[in-house]
Amino acid sequence: MQIVVLDGYCVNPGDVDWSPLKAFGTLSVYDRTHPDMVAQRLRGADVAFVNKVKLNRDVLLSARNLKFIGVLATGYDVVDLAAARERGITVTNVPAYSTEAVAQHAIALLLAACQHVELHASLVKNGAWTAQPDFSWFQIAPILLSGKTMGVIGCGRIGCRVAKIAEALGMRVIGANPHKKNGFVGEYVPLDTLFRESDVISLHCPSKADTVGLIRKDTIAKMKNGVILLNTARGSLVSEQDICDALKSGKIACYGTDVASEEPISKSNPLLKAPNCLITSHYAWTPKPMRQTIIDVSADNLAAFLSGKPKNVVS
């Protein structure tokens, strides 16, 4: 069996183990694959694993031996599912592998916004504290989260985990979700209520027709002055120019994001020059145990498919 990984580098830059996949046949791992090379590298492959490489209709129709696609992620919009169904190709994903990691990163962004640790650590190293007459000194006072309201938009596994951590910090938690789910510790409220009452808003919803551009000028206007906004979901959920404008005016006190509308982030992205904006490079999901889990679950998905009992099937 010929198995091809088209873009393995982000999942495994060399510190985790591909051997669970090697057990099924001849494994070829490419760090990255240019779109022009996808069809060629799939020629003769029975199984393909992808992370962000797009498998469009033309590619799938030309990959005559292909029977199984494993997406090395939870999101699977890189695969033309209609074409995969037409070809009889089974497509699987890796659900819920990064819940703890992404929730931790969301809270890290929140604490960075509230505690100003990086700023003060830098100031201290450059002599600012040494020059003071008092034992305690700060340039910007920390923000106390206890007693404030955390609004969670998207109350799936990650949103529920963030809500529990926020509750542990003494915050009141409210959430907005299309359907009420068990495990959410807060109170479900209409979206407009969440915008109006939240001191912190954390985005955890998928990018769909009704969520693209959810955070924009008119919805920002409904928020409290000085709200903190967190995004560890998708860059398409926000209008980045509107976020930038709100940061400049002070309507949004801080925007902490691990995602951007274009990734890697474009040099022209307005957020790169926006004040009080914390941007990380879509790495919330990448702790080593999470990335090994992706490979292990992908191998389990392939084993289940070969046994005739496929699981984690998305098409």
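Everything discussed here concerns the structure shown above.
Remember, it's a predicted structure, so these values are computed and weren't measured experimentally.

S.K.: Where do I start with the nonpolar core in this structure?
M.R.: The nonpolar side chains of a soluble globular protein tend to be buried with one another. Ranked by size, the top nonpolar core spans 27 residues in total, and within it Ile201, Ile215 and Ile243 carry the most contacts. Elements represented by at least two residues in this core include exactly strand 7 (172–176), helix 8 (191–197), strand 9 (200–203), strand 10 (227–231), helix 10 (240–249) and strand 11 (252–257). With four residues, the single largest contributor to this core is helix 10. Leave out the neighbours within four places in its chain, and Ile215 touches Phe195, Leu203, Ile220, Met223, Leu229, Leu237, Val238, Ser239 and Ile243.

S.K.: Even after reading the chapter, I still don't get the sheet that holds strand 8 (residues 187–188), so can you show me in this structure?
M.R.: By way of backbone hydrogen bonds, the strands of a sheet pair with one another, either parallel or antiparallel. With respect to topology, seven strands assemble into an open sheet ordered 8-7-6-9-10-11-12, the strand pairing being parallel. Two strands bound the open sheet, and with one partner strand each, they are strand 8 and strand 12 (277–279). Pairing between strand 6 (residues 149–153) and strand 7: five bridges, direction parallel. When the sheet's bridge partners are listed, Gly151 is paired in strand 7 with Ile174.

S.K.: Got a minute to help me understand the sheet that holds strand 2 (residues 26–29) in this structure?
M.R.: The strand order across the open sheet built from five strands is 2-1-3-4-5, with neighbouring strands paired in parallel fashion. Each edge of the open sheet is held by one strand with a lone partner, namely strand 2 and strand 5 (90–92). For this sheet, the mean angle separating the axes of adjacent strands, direction not counted, is 15°.

Conventions adopted
Residues numbered from 1 in each chain as written. Predicted model: local features only at pLDDT ≥ 70, side-chain atom pairs only at ≥ 80, totals over all residues. Heavy atoms only, no water. Core = buried A, V, L, I, M, F, W, Y, C linked by side-chain atoms within 4.5 Å. Buried < 20%, exposed > 50% of the residue type's maximum accessible area, 1.4 Å probe, protein only. Helix = DSSP H or I, 4+ residues; strand = E, 2+ residues; numbered from the N terminus. Contact = heavy atoms within 4.5 Å. Pairing = 2+ DSSP bridges. Axes fitted to C-alpha atoms, helices over the stretch in contact; angles between N-to-C directions.

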